[in-house]
Amino acid sequence: MKKNVLILGGNGFIGANLCNHIDKESYNVFSFDIVSPERQNKDITYISGDFFDDATLKKTAEGMDIIFHAISTVNPGNSNSQYMRGYEKDFIQTIRLCELANEQNSKMIFLSSGGTVYGEQSIQPIREDACPKPINHYGNIKLCIENTIRTFNIQKNASFLVARISNPYGPGQDFNKGVGFIDAATKKAISGETIEIWGDGTTERDYIYIDNACDMLCAMMEYEGNEHTFNIGSNYGCNQRQILSILRKLGLDVKVEYKPARSVDVHRIILDNHRIMGICKEKIITIDEGIRRYYNYLTGNKDLIEE
């Protein structure tokens, strides 16, 4: 029998790509979000509802073998001003989700943040056993949820995993929602707009193409080992100036405005991906190739996307 897989936050950038990425021959895929998407995949069952309504959440989670939790009401940029919403809503409701998943013996995979949970780290790439030191409330909310999951695994023998995702980019992303430098830079360069950079452009991140991120998340679905936390990243760092250089190589006229650095941003984050690559064998798409693919996607050169 096919297993039932639920993606909470199925309309989001990662959630929507993950829904389409999961093998439909092996799994029944259910996408849950506040509204159903206008464009739908006939092989996916779409459910609309409020994640923060207890009765709706209980009904939605019932009978699900695997649950991906990708819902968040805050982002790194606004969490230091709207942090109470994150603690009161995201954190508390995720505890209720843990209870539901544990009661019916569901496997849960929580989409955490590799970009904010770790904070400033002297050793790079960062391994999963590094001590997390988040510098903003977004990362701390994610870490609070991670610790709750760890407690359920220890005390309740639950099957919960944590995916610490670096900085995914690619089709379906919308930087207007608060994250996505490559998305913002590529779209603005195409349209001739000025790209805003907070700081001097040397902020370094581990960017991963969305297809690779989904490959890694799918590999976690059937994992039965002893590890509970996995970095989802490329094992490679790239700063903003390097990204601008890649865009210029594509023939784009890149206009830039540098602004004062923000206190919510860690200067350098690169994730060690050896643990996840032990169970995921897909080849990593390089940053140059990934940006080229995304540029071709955005400009309609679909024949060139998968060269």
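Presented here is an overview of the structure given in this document. Given the structure is predicted, the values throughout are model-derived calculations rather than measurements.

1. Here's the deal with the layout of surface pockets
Volume-wise, the second largest pocket comes out at about 350 Å³. Taken together, 20 residues make up the lining of the second largest pocket; nearest its centre are Lys-107, Ser-159, Phe-160, Tyr-223 and Glu-224. Per-element accounting of the lining of the second largest pocket gives the leading share, three residues, to strand β6 (residues 159-165). Taken together, the residues of the lining of the second largest pocket sort by class into six nonpolar, eight polar and six charged.

2. Digging into the packing of helix α7 (residues 240-249) against helix α9 (residues 287-299)
Two elements in contact, α7 and α9, have axes separated by 10 Å at closest approach and are oriented at 55 degrees. Here α7 lies oblique to α9, going by the angle between them. Remark: the crossing between α7 and α9 carries right-handed chirality. Along the contact surface, α7 presents Ile-243, Ile-246 and Leu-247, while α9 presents Ile-287, Asp-288 and Ile-291.

3. Here we look at the pairing of strand β1 (residues 3-8)
Relative to strand β2 (residues 27-33), β1 runs parallel, the two sharing six bridges. Residue pairing across strands places Asn-4 opposite Asn-28, the latter belonging to β2. Chirality of the crossover, the property in question, places the unit of β1, helix α1 (residues 13-21) and β2 among those that are right-handed.

4. Observations regarding the environment of Thr-286
Counting through the fold element by element, Thr-286 comes out in the loop between α8 (274-277) and α9. Judged by its relative accessible area of 46%, Thr-286 falls in the partly exposed class. A distance of 3.2 Å separates a polar atom in the side chain of Thr-286 from the backbone nitrogen of Glu-289.

5. With respect to the pairing of β2
Burial of β2 is extensive: six of the seven residues sit out of reach of the surface. Two elements, β2 and strand β3 (residues 44-48), share five bridges in a ladder whose sense is parallel. Note on β3: the bridge partner recorded for Asp-33 is Ser-48.

6. Quick notes on the nonpolar core
In this structure, Ile-22, Phe-68, Ile-109, Leu-217, Met-220, Met-221 and Ile-232 are the most contacted members of the largest nonpolar core, which totals 33 residues. Ranked by residues supplied to this core, first place goes to helix α6 (residues 210-221) with nine residues. Excluding residues within four positions of it along the chain, Ile-109 makes contact with Ile-66, Ile-67, Phe-68, His-69, Leu-161, Ala-163, Leu-217, Met-220 and Met-221. One finds Phe-51, Met-108, Ile-149 and Phe-160 within the second-largest nonpolar core, a separate group that totals 27 residues.

7. Quick look at the packing of aromatic side chains
Where two aromatic rings form a pair, the distance of their centres and the angle of their planes describe that pair. Taken as a whole and judged by the stated rule, the model has five aromatic pairs. Plain terms: the ring middles of Phe-51 and Phe-52 are 5.0 Å apart, the flat faces sit at 80 degrees to each other, and that makes the pair edge-to-face. Overall, the relative accessible area of 22% leaves Phe-52 in the partly exposed class. Between the aromatic rings of Tyr-169 and Tyr-209, the centroid separation amounts to 5.4 Å while the plane-to-plane angle is 75 degrees, which identifies the pairing as edge-to-face. Placement of the pair is Tyr-169 in strand β7 (residues 167-169) and Tyr-209 in strand β10 (residues 207-209), with a sequence separation of 40 residues. Accessibility assignment for this pair places Tyr-169 and Tyr-209 in one class, buried. In this structure, Lys-89 is placed above the aromatic ring of Phe-52, and the distance from its NZ or CZ to the ring centre is 4.1 Å.

8. A look at the sheet that holds strand β11 (residues 229-232)
Across the sheet, seven strands lie side by side as β3-β2-β1-β4-β5-β6-β11; this open sheet has parallel pairing. Whereas interior strands pair on both sides, the edge strands pair on one side only; in this sheet they are β3 and β11. Geometrically, the sheet is characterised by an average inter-axis angle of 20 degrees between neighbouring strands, direction not taken into account. Two strands pair when backbone bridges link them, and β1 and strand β4 (residues 66-69) are joined in this way by four bridges, in the parallel orientation. Across the sheet, the residue bridging to Leu-8 is His-69, located in β4. The strands touched by helix α3 (residues 83-103) are β1, β4, β5 (107-113) and β6; relative to β4, the strand with the most contacts, the crossing angle is about 170 degrees. Against the sheet, helix α4 (residues 137-155) touches β5, β6 and β11, its axis set at about 155 degrees to β5.

9. Regarding empty space enclosed by the protein
For the structure on display, the rule yields one cavity of 30 Å³ or more. Roughly 40 Å³ of internal volume is contained in the largest cavity. Looking at the largest cavity, the residues that line it are His-69, Ile-71, Ser-72, Asp-90, Thr-94, Phe-110, Tyr-138, Ile-141, Lys-142 and Ile-145. Among the secondary structure elements, those contributing two or more residues to the lining of the largest cavity are α3 and α4. Element by element, the count of residues in the lining of the largest cavity is highest for α4, at four residues.

Basis of the calculations
- Residues numbered from 1 in each chain as written.
- Predicted model: local features only at pLDDT ≥ 70, side-chain atom pairs only at ≥ 80, totals over all residues.
- Heavy atoms only, no water.
- 1 Å grid on protein atoms, 1.4 Å probe; cavity = no way out; pocket = protein on both sides within 12 Å on 5 of 7 lines; lining within 4 Å.
- Points joined across faces, edges and corners; volume = space filled by probe spheres on them.
- Helix = DSSP H or I, 4+ residues; strand = E, 2+ residues; numbered from the N terminus.
- Nonpolar A, V, L, I, M, F, W, Y, C, P; charged D, E, K, R; others polar.
- Axes fitted to C-alpha atoms, helices over the stretch in contact; angles between N-to-C directions.
- Parallel < 35°, antiparallel > 145°, perpendicular 65-115°, else oblique.
- Left-handed = near helix turned anticlockwise from the far one by under 90°.
- Contact = heavy atoms within 4.5 Å.
- Pairing = 2+ DSSP bridges.
- Right-handed = clockwise from strand over helix to strand, strands pointing away.
- Buried < 20%, exposed > 50% of the residue type's maximum accessible area, 1.4 Å probe, protein only.
- Polar contact = N/O pair within 3.5 Å; in protein donor to acceptor, adjacent residues only side chain to side chain.
- Core = buried A, V, L, I, M, F, W, Y, C linked by side-chain atoms within 4.5 Å.
- Phe/Tyr/Trp six-rings, centres within 6.5 Å; stacked < 30°, edge-to-face > 60°.
- Lys NZ or Arg CZ within 6 Å of the ring centre and 35° of its normal.

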